[in-house]
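Survey of secondary and tertiary structure
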Amino acid sequence: RSTLFPYTTLFRSAMNFMTNGWSVKKIHRLIMLSSVYQESSAENPRYAQTDPGNRLLWRANIRRLEFEPLRDSLLAIGGTLDTNVYGRPVDRRLKPDSTRRTIYDFVDRGNIPDVMVNFDFATPDMVTGIRHVTTVPQQALFLMNSPLVIELARRLVAMPDFADTVEDTNRLNFLYERIYQRPPSAEETGLGLEFVNQTPLRDDVSPVTANNDDGNKSRPGQRNRPGANAGRRRAPLTSWEEYAQALLQANETSFVN
């Protein structure tokens, strides 16, 4: 591709914008129907050697999901996402088990939930043109400890398409297709079968305490909020449930690839 490719495209877009009466809707349509916008994020060794920084836009840049689409994706994987539109916001401090889309969450300007702060939620009391993207341990801990993810792992293993399958290979295929929308590679199949066929010691594993909501733990002496699940004991995960949870923690779940 020519080194002037991005600049030529930008110039043509500007000219099209002017000739169509400065219509933002038409320029959006032009951009979204372009071949550059529809590029996949697949690697190309020849292009990567010529343009390792992707300055010429030969592939789509991999980007991390924001908290709202990440939570919605997890609910969709479990088949519980409420896709109804409109209506009043939902305060997940009072209804932590709500399955409504995260865009309908109630936002208290003076008390933003910790989990949303950890995922770079924009400050609601000031104008924010773009969200900052950070990588902090709390983001990984959310996928490890959140009741939402733990219950999703249990739900996947309890689905009829999984539970009614006898072959371990077919069970692996189901989890990969459900979570990643692709079949596992030969290496992934081997590692997965090796993991689930182990016999972990579970007699000495004590049940874990659930959090109040997605990422907000109860503090000693703190009074539980209405509808909170503080203090609820959860049984240890089985090998298959642990493997499903491990798949949910991988970058492939949190990134748009």
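Above this text you will find the structure in question.
Since this is a predicted model, take the numbers as computed values, not measurements. (Residues numbered from 1 in each chain as written. Predicted model: local features only at pLDDT ≥ 70, side-chain atom pairs only at ≥ 80, totals over all residues. Heavy atoms only, no water.)

This paragraph deals with unusual backbone geometry. Even without glycine at this site, Y86 takes up a positive phi of about 70 degrees. With respect to the helices and strands, the residue Y86 is situated in the loop between α4 (67-77) and α5 (114-118). Here Y86 falls in the exposed class, since its relative accessible area comes to 67%. One non-glycine residue, Q181, adopts positive backbone phi at about 60 degrees. Within the secondary structure, Q181 is located in the loop between α9 (168-180) and α10 (186-196). (Helix = DSSP H or I, 4+ residues; strand = E, 2+ residues; numbered from the N terminus. Buried < 20%, exposed > 50% of the residue type's maximum accessible area, 1.4 Å probe, protein only.)

Turning our attention to the packing of aromatic side chains. This model, assessed by the stated rule, comprises eight aromatic pairs. With 5.4 Å between their ring centres and 45 degrees between their planes, F67 and F119 make a pair best called tilted. Of this pair, F67 sits in helix α4 while F119 sits in the loop between α5 and α6 (137-145), placing them 52 residues apart in sequence. Like F67, the residue F119 is buried in the burial classification. On the basis of an interplanar angle of 80 degrees and a centroid distance of 5.5 Å, the ring pair of F119 and F142 is categorised as edge-to-face. With F119 in the loop between α5 and α6 and F142 in helix α6, this residue pair connects regions lying 23 residues apart in the sequence. Taken together, the aromatic side chains of F67, F119 and F142 make up a single cluster linked through ring pairs. A cation sits over an aromatic face here: R59 above W58, 5.4 Å from the ring centre. Across the ring face of Y104, the terminal group of R100 is positioned such that the distance to the ring centre comes to 4.0 Å. (Phe/Tyr/Trp six-rings, centres within 6.5 Å; stacked < 30°, edge-to-face > 60°. Lys NZ or Arg CZ within 6 Å of the ring centre and 35° of its normal.)

Moving on, we get to a nonpolar patch on the surface. A contiguous nonpolar patch, built from M15, M18 and W22 and spanning about 320 Å² of accessible area, is present on the exposed surface. Looking at the secondary structure, you find M15 in helix α1 (residues 5-19). On the basis of relative accessible area, M15 is assigned to the partly exposed category, the value being 37%. (Patch = residues over 30% accessible without salt bridge, like charges linked within 9 Å, V, L, I, M, F, W, Y side chains within 5 Å. Areas by Shrake-Rupley, 256 points an atom, 1.4 Å probe, with all protein chains shown as cover. Salt bridge = Lys/Arg side-chain N within 4 Å of Asp/Glu carboxyl O.)

Turning our attention to the pattern of salt bridges. For the coordinates displayed, the defined rule picks out nine salt bridges. Two residues, D120 and R64, come together in a salt bridge whose shortest N-O distance is 2.9 Å. Linking D120 in the loop between α5 and α6 with R64 in strand β1 (residues 63-64), this pair joins segments that are 56 residues apart in sequence. When sorted by exposure, D120 lands in the same class as R64, which is buried. Measuring nitrogen to oxygen at the nearest pair gives 2.7 Å for the salt bridge that ties D105 to R92. Of this pair, D105 sits in the loop between α4 and α5 while R92 sits in the loop between α4 and α5, and the two are 13 residues apart along the sequence. The exposure class of D105 is buried, given its relative accessible area of 10%. Overall, the relative accessible area of 8% leaves R92 in the buried class. Salt bridges sharing partners connect three or more residues here, namely E151, R154 and E241.

Here we come to helix α7 (residues 147-158). Every α-helix carries 3.6 residues per turn, so stepping three or four residues along brings you back to the same face. With twelve residues, α7 extends 16 Å between its outermost C-alpha atoms, agreeing within 8% with the 16 Å of an ideal straight helix rising 1.5 Å per residue. Burial analysis of α7 places nine of its twelve residues in the buried class, which makes it a mostly covered element. For α7, the set of buried residues is P147, L148, V149, I150, L152, A153, R154, L156 and V157. (Expected span 1.5 Å × (residues − 1).)

Bringing the nonpolar core into the picture now. Ranked by internal contacts, the top residues of the largest apolar core, which has 32 residues, are L74, F142, L156 and L175. Setting aside residues up to four positions removed in sequence, L175 forms contacts with L156, F162, Y180, W240, Y243, A244 and L247. (Core = buried A, V, L, I, M, F, W, Y, C linked by side-chain atoms within 4.5 Å. Contact = heavy atoms within 4.5 Å.)

A word on the side chain of N54. Relative to the helices and strands, N54 resides in the loop between α3 (45-50) and β1. Among the polar contacts listed, one links the side chain of N54 to the side chain of N61, at a separation of 2.8 Å. Excluding anything up to four places from it in sequence, N54 contacts R59 and N61. (Polar contact = N/O pair within 3.5 Å; in protein donor to acceptor, adjacent residues only side chain to side chain.)

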